[in-house]
Amino acid sequence: SQLPDDLFEAIATLKQDLNAVILAHYYQDPDIQDVADYIGDSLGLSRQAADTDAEVIVFAGVHFMAETAKILNPHKLVLLPDLDAGCSLADSCPPEAFAAFKAAHPDHLVVSYINCTAAIKAMSDIICTSSNAVDIVNQIPLDQPIIFAPDRNLGRYVMEQTGRELLLWDGSCIVHENFSEKKLVQLQVQHPEAEIIAHPECETPVLRHAHYIGSTTALLKYAQQSQGNSFVVATEPGIIHQMQKAMPDKTFIAAPPTGTCACNECPHMRLNTLEKLYLAMSQRQPEITLPEDIRLAALKPIERMLAMSR
Ligand code: 13P
Ligand code: SF4
């Protein structure tokens with residue numbers, strides 16, 4: 001189909017016509033970030049989705065994020081530019097296998113990282129994100145055993161921070177497991193002044209070198225309030241666009257990947273393009289839909305999270 005010459009202008013017009021809000025994650029292509037009404041981490045995006053007055057939510061992120069927006073807004077049209085934008089972490093936790101795992105530990109409370117499908121959320125007691133996981137686990141009585149799913153790296157980090165034992169599901173994110181500790185150490189020798197800031201989805205050997213660990217929004221805020229002028233960023237490099245915009249005088253270096261990959265862009269996040277975003281808005285599809293019984297069951301642990309992290 002024919003694309004307009006100026007996609008930015010066409011998207012702005014469609015946004016008004018549709019009474020739409022564009023929510024984007026930091027890992028989106030910089031062009032998409034530039035047309036978004038709100039850019040944030042998973043918790044911020046969920047809060048925006050819960051509070052928006054817009055009739056249409058255009059979600060520039062991956063499927064589980066748009067699905068969370070739909071769970072919170074059953075009567076709104078929720079568009080995802082590319083329905084194939086999935087998540088390796090969500091895929092690493094298939095519902096049948098997780099149901100069996102949960103059934104084998106009936107006394108455990110299930111805390112699930114928001115990076116999972118609605119089917120997993122429906123089997124969970126509380127959802128968390130990377131920005132509130134530690135705080136949420138700390139609010140659970142000490143004698144209550146906990147299953148933490150699906151990210152073993154975030155799970156291990158939460159165990160360290162809370163001093164609690166968690167029963168971990170063995171899932172992970174392909175992007176955050178792809179940083180090279182060896183190359184990171186070499187980079188640190190070249191830039192001894194740089195602070196390493198990392199996402200808790202990274203593996204322990206990488207996190208060991210980090211001066212600060214946090215969600216995407218937390219990393220951005222940390223760099224803003226730090227006295228330091230240069231940072232090695234161990235998360236998806238899309239966030240460097242906002243870091244550079246907010247702090248033009250500071251230097252941001254993407255942490256090096258292992259192997260021969262050029263960078264750590266998330267192949268799922270990057271399926272969305274400005275063109276697909278425009279097409280989704282003009283055609284009012286692809287739309288997120290989900291069965292009402294799953295939606296209602298998945299809503300409860302999300303609402304619990306929002307109430308526990310106000
Ligand atoms: P946050 O933005 O919540 O830190 O999540 C990172 C991530 O991997 C999202 O897919
Ligand atoms: Fe999933 Fe990792 Fe991509 Fe985030 S960066 S969407 S956790 S694969």
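Rules behind the numbers
Residues numbered from 1 in each chain as written. Chains lettered and ligands numbered in written order. Predicted model: local features only at pLDDT ≥ 70, side-chain atom pairs only at ≥ 80, totals over all residues. UniProt positions renumbered as here; feature names shortened; annotations may be inferred. Domains from an automatic or database assignment. Contact = placed C-beta atoms within 7 Å. Helix = DSSP H or I, 4+ residues; strand = E, 2+ residues; numbered from the N terminus. Nonpolar A, V, L, I, M, F, W, Y, C, P; charged D, E, K, R; others polar. pLDDT = per-residue confidence, 0-100. Buried ≥ 20, exposed ≤ 12 C-beta atoms within 10 Å, placed from the backbone. Axes fitted to C-alpha atoms, helices over the stretch in contact; angles between N-to-C directions. Parallel < 35°, antiparallel > 145°, perpendicular 65-115°, else oblique. Left-handed = near helix turned anticlockwise from the far one by under 90°.

The protein chain goes by Quinolinate synthase in an unreviewed UniProt entry, where it is assigned to Phormidium yuhuli AB48. Per its UniProt entry, the protein chain bears the Function (unreviewed entry) comment "Catalyzes the condensation of iminoaspartate with dihydroxyacetone phosphate to form quinolinate."

Draft legend 1. Spotlight on the domain arrangement of the protein chain. By the assigned domains, the protein chain splits into domain 1 (7-85 + 269-289), domain 2 (89-173 + 296-308) and domain 3 (176-254). One C-alpha centre belongs to domain 1, the other to domain 3, and the line joining them spans 27 Å. On the domain 3 side, the residues contacting the 10 residues of domain 1 number 8 residues. Breaking the side of domain 1 that touches domain 3 down by element, the ones donating at least two residues are helix H2 (30-35) and strand E2 (38-40). For the side of domain 1 that touches domain 3, the residue count by class is 5 nonpolar, 4 polar and 1 charged.

Draft legend 2. Structural context of the environment of Lys 300. Within the secondary structure, Lys 300 is located in helix H15 (residues 292-308). Separated by 228 residues in sequence, Lys 300 and Leu 72 place their C-alpha atoms 10.0 Å apart.

Draft legend 3. Layout of the confidence of the model for the protein chain. Looking at the protein chain, pLDDT values average 97 and 99% of them are 70 or higher. For this predicted complex, the interface confidence score (ipTM) comes to 0.98, while the overall pTM stands at 0.96.

Draft legend 4. Summary view of unusual backbone geometry. That bond from Ala 149 to Pro 150 is cis: its omega, -15°, falls within 30 degrees of zero. Mapped onto the elements of the fold, Pro 150 is located in the loop between strand E7 (146-149) and helix H9 (152-162). Pro 286 follows Gln 285 through a cis peptide bond whose omega is 0°. Structurally, Pro 286 is set in the loop between helix H14 (274-283) and H15. Its identity as a non-glycine residue notwithstanding, Asn 19 has a phi of 50°, on the positive side. Examined against the element boundaries, Asn 19 turns out to sit in the loop between helix H1 (7-18) and strand E1 (20-25). Residue classification places Asn 19 among the exposed positions, given that 10 C-beta atoms sit within 10 Å.

Draft legend 5. Representation of the packing of helix H3 (residues 42-51) against helix H4 (residues 63-72). For the pair H3 and H4, the least separation of the axes is 9 Å and the interaxial angle reads 30°. With respect to their mutual orientation, H3 and H4 come out roughly parallel. Note that H3 runs across H4; the crossing there is right-handed. Contact residues: Ser 42, Leu 45, Ser 46, Ala 49 and Ala 50 in H3; Met 65, Thr 68, Ala 69 and Leu 72 in H4.

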